[in-house]
Amino acid sequence: MNSTALRPRRFDLIAFDWDGTLFDSTALITRCIQLAVKDVGGTVPSDKDAAYVIGMGLMQALAHAAPDVPPEKYPQLGARYKHHYSVHQNDITLFAGVLEMLDRLKTRQHLLTVATGKSRSGLNEALRDVNLQGIFDGSRTADETAGKPHPLMLQELMMEFGVAADRVLMIGDTTHDLQMAVNAGCASVAVSYGAHEPDSFAALGPLTIAHSVAELDTWLQANA
């Protein structure tokens, strides 16, 4: 029998960020933000500045990335982002190894959830595109609760499943994810292959920084 199956679980509920953590979408989102800002006449943010806002709710992210775009243009800015993203959304997919990792976690009977800056419709569409409907026990999106780094996403998931904060693990690729975990009193794991530079993670106290899905999978099997 696999020895990992015999180890007691440290975490009952594991919450994953979506973009840049499970879904290889960082480069596309960055480019779509830049194109949207250009379309409405704003100063196009650098790759670093555009990537920084990934994980926030859409309008919060766009406003942060384009501080010189007036609020009355936000609806147009959001529409242009959605246009550019929709053109290329089928070009991206899950990181290699994600499906196998999720299957192993389900076998160990972890509750698997998503806490994302995407909208509900955006997450549902992404889950359909990669045939992941049903694998997650629950999810929260930025348009139905408070956006990151506010802890409400995690707090609502904890309440829904009756899991205490010390039994919850948040996994994400941005400081927004890790700060949300801190704010909710939960442990976190960072991944370095997404939107934010890993040298910004240490101050937020993740249990580890995984540099690939394979490394994350190995850590979770041994420590979660």
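Residues numbered from 1 in each chain as written. Predicted model: local features only at pLDDT ≥ 70, side-chain atom pairs only at ≥ 80, totals over all residues. Heavy atoms only, no water.

**Q** Can you tell me about the layout of surface pockets, naming the residues and giving the values?
**A** One simple way to see leftover space: roll a probe sized like a water molecule over the atoms. Considering only enclosed or pocket space, the largest pocket measures out at about 640 Å³ in volume. Lining the largest pocket are 28 residues; nearest its centre among them are Leu58, Tyr81, Lys118, Ser119 and Gly122. Within the residue set of the lining of the largest pocket, elements represented by two or more residues are helix 1 (26-39), helix 3 (58-65), helix 4 (74-88) and helix 6 (120-129). Among the elements that line the lining of the largest pocket, the one with the most residues is helix 6, at five residues. Looking at the lining of the largest pocket, its residues break down into 12 nonpolar, nine polar and seven charged. The space that makes up the second largest pocket amounts to roughly 180 Å³. Lining of the second largest pocket is provided by Asp47, Lys48, Ala51, Tyr52, Thr175, Ala195, His196, Glu197 and Ser200. Here the residues of the lining of the second largest pocket sort into three nonpolar, three polar and three charged. (1 Å grid on protein atoms, 1.4 Å probe; cavity = no way out; pocket = protein on both sides within 12 Å on 5 of 7 lines; lining within 4 Å. Points joined across faces, edges and corners; volume = space filled by probe spheres on them. Helix = DSSP H or I, 4+ residues; strand = E, 2+ residues; numbered from the N terminus. Nonpolar A, V, L, I, M, F, W, Y, C, P; charged D, E, K, R; others polar.)

**Q** So, the pairing of strand 4 (residues 168-172): which residues are in play, and what are the values?
**A** In terms of burial, strand 4 is largely enclosed, as five of its five residues are buried. Both faces of strand 4 are covered, namely the face carrying Val168, Met170 and Gly172 and the face carrying Leu169 and Ile171. Looking at chain direction, strand 1 (residues 13-16) and strand 4 are connected through four bridges and run parallel. Residue alanine 15 lies in a different strand from strand 4, and its bridge partner there is methionine 170. Examined bridge by bridge, strand 4 and strand 5 (residues 187-191) share four bridges and lie parallel to one another. Pairing of isoleucine 171 across the sheet is with valine 189, part of strand 5. (Buried < 20%, exposed > 50% of the residue type's maximum accessible area, 1.4 Å probe, protein only. Pairing = 2+ DSSP bridges.)

**Q** With reference to specific residues and values, describe the packing of aromatic side chains.
**A** Evaluated as defined, the whole model comprises three aromatic pairs. On the numbers, 4.8 Å between centres and 70 degrees between planes, the contact of phenylalanine 95 with tyrosine 193 is edge-to-face. Linking phenylalanine 95 in the loop between helix 4 and helix 5 (98-107) with tyrosine 193 in the loop between strand 5 and strand 6 (209-210), this pair joins segments that are 98 residues apart in sequence. Neither residue differs from the other here; phenylalanine 95 and tyrosine 193 are each classed as buried. (Phe/Tyr/Trp six-rings, centres within 6.5 Å; stacked < 30°, edge-to-face > 60°.)

**Q** Provide a residue-level description of the side chain of lysine 118, including the pertinent values.
**A** Here lysine 118 is to be found in the loop between strand 2 (111-116) and helix 6. With a relative accessible area of 13%, lysine 118 lands in the buried category. Not counting residues up to four positions away in its chain, the partners in contact with lysine 118 are Trp18, Asp19, Tyr85, Leu123, Ala126, Thr141, Ala142 and Asp143. (Contact = heavy atoms within 4.5 Å.)

**Q** For the sheet that holds strand 5, give the residues involved together with the corresponding values.
**A** Taken together, six strands build an open sheet; the order of strands is 3-2-1-4-5-6 and the sheet is parallel. Each edge of the open sheet is held by one strand with a lone partner, namely strand 3 (138-141) and strand 6. In the packing of helix 5 onto the sheet, contacts are made with strand 1 and strand 2, and the angle to strand 1 comes to roughly 160 degrees. Where helix 7 (residues 152-161) meets the sheet, its contacts fall on strand 1, strand 2, strand 3 and strand 4, and the angle it forms with strand 3 comes to roughly 155 degrees. (Axes fitted to C-alpha atoms, helices over the stretch in contact; angles between N-to-C directions.)

**Q** Explain helix 6 to me, and be specific about the residues and the numbers.
**A** The set of residues buried in helix 6 consists of Gly122, Leu123, Ala126 and Leu127. All buried residues of helix 6 fall inside an arc of 130 degrees around its axis, so they share one side. Those residues of helix 6 that are buried are in contact with strand 2 and strand 3. Phi turns positive one or two residues past the end of helix 6, at asparagine 131, with a value near 55 degrees. (Arc of directions from axis to C-beta.)

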